[in-house]
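If you want the building blocks of each chain, they are given just below.
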Amino acid sequence: MDTSDTSETGRIGETGRTEGAGEAARPVLEAPDIARALTRIAHEIVERAKGADDVVLLGIPTRGVFLARRLAGKLAEITGRSIPVGSLDITMYRDDLRLRPARALARTDIPGDGVDGRLVVLVDDVLFSGRTIRAALDALGDIGRPRAVQLAVLVDRGHRELPIRADYVGKNLPTSLRETVKVQLAEEDGRDTVLLGLKQPAASGER
Amino acid sequence: MLRLPGAGPRTPGHLISAADLSRDEAVLILDTAEEMARVADRPIKKLPTLRGRTVVNLFFEDSTRTRISFEAAAKRLSADVINFSAKGSSVSKGESLKDTALTLEAMGADAVVIRHGASGAPYRLATSGWIDGVVVNAGDGTHEHPTQALLDAFTLRRRLVGADAGIGRDLDGRRVTIVGDVLHSRVARSNVLLLHTLGAHVTVVAPPTLVPIGVERWPCEVSYDLDRVLPESDAVMMLRVQRERMNAAFFPTEREYSRRYGLNGERMGRMPGKSIVMHPGPMNRGMEITAEVADSDRCTAVEQVANGVSIRMAVLYLLLGGNEPAVTHSRLNAEENK
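Residues numbered from 1 in each chain as written. Chains lettered and ligands numbered in written order. Predicted model: local features only at pLDDT ≥ 70, side-chain atom pairs only at ≥ 80, totals over all residues. Heavy atoms only, no water.

Describing helix 3 (residues 97-106) of chain B
Residue and element names in this part refer to chain B.
Item 1. Where helix 3 is concerned, the buried positions are Leu-97, Thr-100, Ala-101 and Leu-104. For helix 3, the arc enclosing every buried residue in end-on projection is 100 degrees, short of the 170-degree limit, so these residues lie on one face.
Item 2. Buried residues along helix 3 sit in contact with strand 1 (54-59), strand 2 (80-85), strand 3 (111-116) and helix 4 (121-127).
Item 3. In the segment just after helix 3, Gly-108 is the residue with positive phi, at about 80 degrees. (Buried < 20%, exposed > 50% of the residue type's maximum accessible area, 1.4 Å probe, protein only. Helix = DSSP H or I, 4+ residues; strand = E, 2+ residues; numbered from the N terminus. Arc of directions from axis to C-beta. Contact = heavy atoms within 4.5 Å.)

Overview of the side chain of Thr155(B)
Residues and elements named next belong to chain B.
Item 1. By secondary structure assignment, the location of Thr-155 is in helix 5 (residues 146-160).
Item 2. What makes Thr-155 buried here is its relative accessible area of 0%.
Item 3. The residues contacting Thr-155, other than those within four sequence positions of it, are Met-278, Thr-300, Glu-303, Gln-304 and Asn-307.

Here we look at unusual backbone geometry
Item 1. In this structure, Thr62(A) follows Pro61(A) across a cis peptide bond, with omega equal to 5 degrees.
Item 2. Checked against the element boundaries, Thr62(A) lands in the loop between strand 2 (55-59) and helix 2 (63-79).
Item 3. In this chain, Gly281(B) is followed by Pro282(B) through a cis amide linkage whose omega measures -10 degrees.
Item 4. Topologically, Pro282(B) is positioned in the loop between strand 9 (276-278) and helix 10 (291-294).
Item 5. In this model, Ala52(A) sits at a positive phi of 60 degrees, which is unusual for a non-glycine residue.

Some remarks on the UniProt feature "short sequence motif: PRPP-binding" (unreviewed entry) in chain A
Item 1. Feature annotation in UniProt places "short sequence motif: PRPP-binding" (unreviewed entry) on residues 120-132 of chain A, given in this structure's numbering.
Item 2. The distance from the first to the last C-alpha atom of residues 120-132 of chain A is 16 Å, and the span holds 15% helix and 62% strand. (UniProt positions renumbered as here; feature names shortened; annotations may be inferred.)

Some details on the pattern of salt bridges
Item 1. On inspection of all chains with the given rule, the structure shows 32 salt bridges over all chains.
Item 2. The salt bridge involving Glu303(B) is made with Arg159(B); its shortest N-O contact spans 2.8 Å. Here Glu303(B) is found in helix 11 (residues 301-320), whereas its partner Arg159(B) is found in helix 5, with 144 residues between them in sequence.
Item 3. Judged by relative accessible area, which is 33%, Arg159(B) ranks as partly exposed.
Item 4. What emerges from the salt-bridge pattern is a single network uniting Arg94(A), Asp96(A), Arg100(A) and Arg103(A). (Salt bridge = Lys/Arg side-chain N within 4 Å of Asp/Glu carboxyl O.)

Some points on the packing of helix 5 of chain B against helix 11 of chain B
Helices that pack against each other are described as a pair by the angle of their axes relative to one another and the distance between those axes.
Residues and elements named next belong to chain B.
Item 1. Where helix 5 contacts helix 11, the two axes come as close as 8 Å, and the packing angle between them is 115 degrees. For the pair helix 5 and helix 11, the crossing hand works out as right-handed. In this structure, helix 5 contributes Thr-147, Gln-148, Leu-150, Leu-151, Asp-152, Phe-154, Thr-155, Arg-158 and Arg-159 to the contact, and helix 11 contributes Glu-303, Gln-304, Asn-307, Gly-308, Ser-310, Ile-311, Arg-312 and Val-315.
Item 2. For the contact of helix 5 with helix 11, the per-class residue count stands at five nonpolar, seven polar and five charged. (Axes fitted to C-alpha atoms, helices over the stretch in contact; angles between N-to-C directions. Left-handed = near helix turned anticlockwise from the far one by under 90°. Nonpolar A, V, L, I, M, F, W, Y, C, P; charged D, E, K, R; others polar.)

A look at the packing of aromatic side chains
Item 1. On inspection of all chains with the given rule, the structure shows two aromatic pairs over all chains.
Item 2. Summarising the aromatic geometry, the rings of Tyr257(B) and Tyr261(B) are spaced 5.7 Å apart at their centres and angled 35 degrees between planes, so their arrangement reads as tilted. With a gap of four residues between them, Tyr257(B) and Tyr261(B) both fall in helix 8 (residues 254-261), about one helical turn apart.
Item 3. Within the aromatic cluster, the residues linked to one another by ring pairs are Phe251(B), Tyr257(B) and Tyr261(B).
Item 4. Directly above the aromatic system of Phe128(A) lies the positively charged group of Arg157(A), at a separation of 4.1 Å from the ring centroid. (Phe/Tyr/Trp six-rings, centres within 6.5 Å; stacked < 30°, edge-to-face > 60°. Lys NZ or Arg CZ within 6 Å of the ring centre and 35° of its normal.)

As structure tokens, this is what we get:
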């Protein structure tokens, strides 16, 4: 997820919802699309990890955690085993901490067996600049040494600012920088949808 | 937000008094500390968050646990720490607080953690315009010790509500009894103010000579009878009898004090089942607390020390982590707006 402008991301809960952007926002993914994308990603993980024996799913708060839990459920259906799932808060590793007021921390919850020697799949809702993932890799380095790290995102909207790419993508969504992508999930927002809207001038002014 | 005359674009917030914290700010600090506590369980107990920031521990009074607690907290957040104690420094040669502050400012201190024997010294430092940085009160005279109150509230919430269940919650309806030398205790004052803000019912118990003037304006009840209050206390906080401040005959003998206001095993037995015994340390075993109580499972003294590091990490992060503090200083703001 992007770190350069919250109004563009799914993590709107932290800085207040940008409801105004919702007027022009149109849904690009609905609940069945999201479910199908997650099912496909789960199958891809099993295929690429050759059975997903050592997979650990780590969601990036807030919505990445819910996506990680849903993925874990689907992986359990496919493999018949329970897949460790946790959360990885990247707030303290962000590169834009000093551009904004200190923000509340979210939960980091590493499954009991840790991440050492395992295949960690990071899960987030929107991949944008890549800075969130950079922070997540730093945070992961302080927790252990995985065998490999992969990245699963629901939406890749482009505009990378770092050499980072996703291994599993729910939907590639070409956007312009004037557009916003908002992911809403039932656990947090009451419904599953991905909204594409236009950035409000005021929202960019509050940076 | 506090804006000092001549201050740069960075606008510091401070932590001077527990009274300045709103309920939501206090809960935010406790919630942040809960996440910080989890860093202690990791193989690498360090976060990069305050890299390149300088925290000065400015200690005009002796203190071991508070200073090393702040030092550990700052170092876990990757800040650079400079320890300054008055003994053997320029202060013993007669330097004033102002000149010391100007020296620290010239060295580029981003935060000053100050302990001073004079009540109000941190407030003076924060409002004087001598320094641009954040000021954190680590105990001033007999006035306040806000981070101690925060760590006590954190310990209370963890024990009485639960570590995970407590997230986002306060201490609504919990009964806390503070026993001992309230007159000289900055810990008691900060705790009364903060616990009241968090919704707890506080009762202070002390010999009449050790109850401060004006206590009727504190948001708490006052009692002189420990045995009457004990059965309805969720937590009892024993204060240290501060021998170094006992410059008058506040009570006849230590034995009598201990008999009437000390906590022993028999008294602890009359407290409710899940209630806890707290002590800010250092303990005078045999005086305000017996060894039996101090070593029991219900005594949280050691836990409080560990929680102190988490709370101070939270305070330093919220004040220094962003471009402006997440915790503002409402009282100073009010004066600023006059």
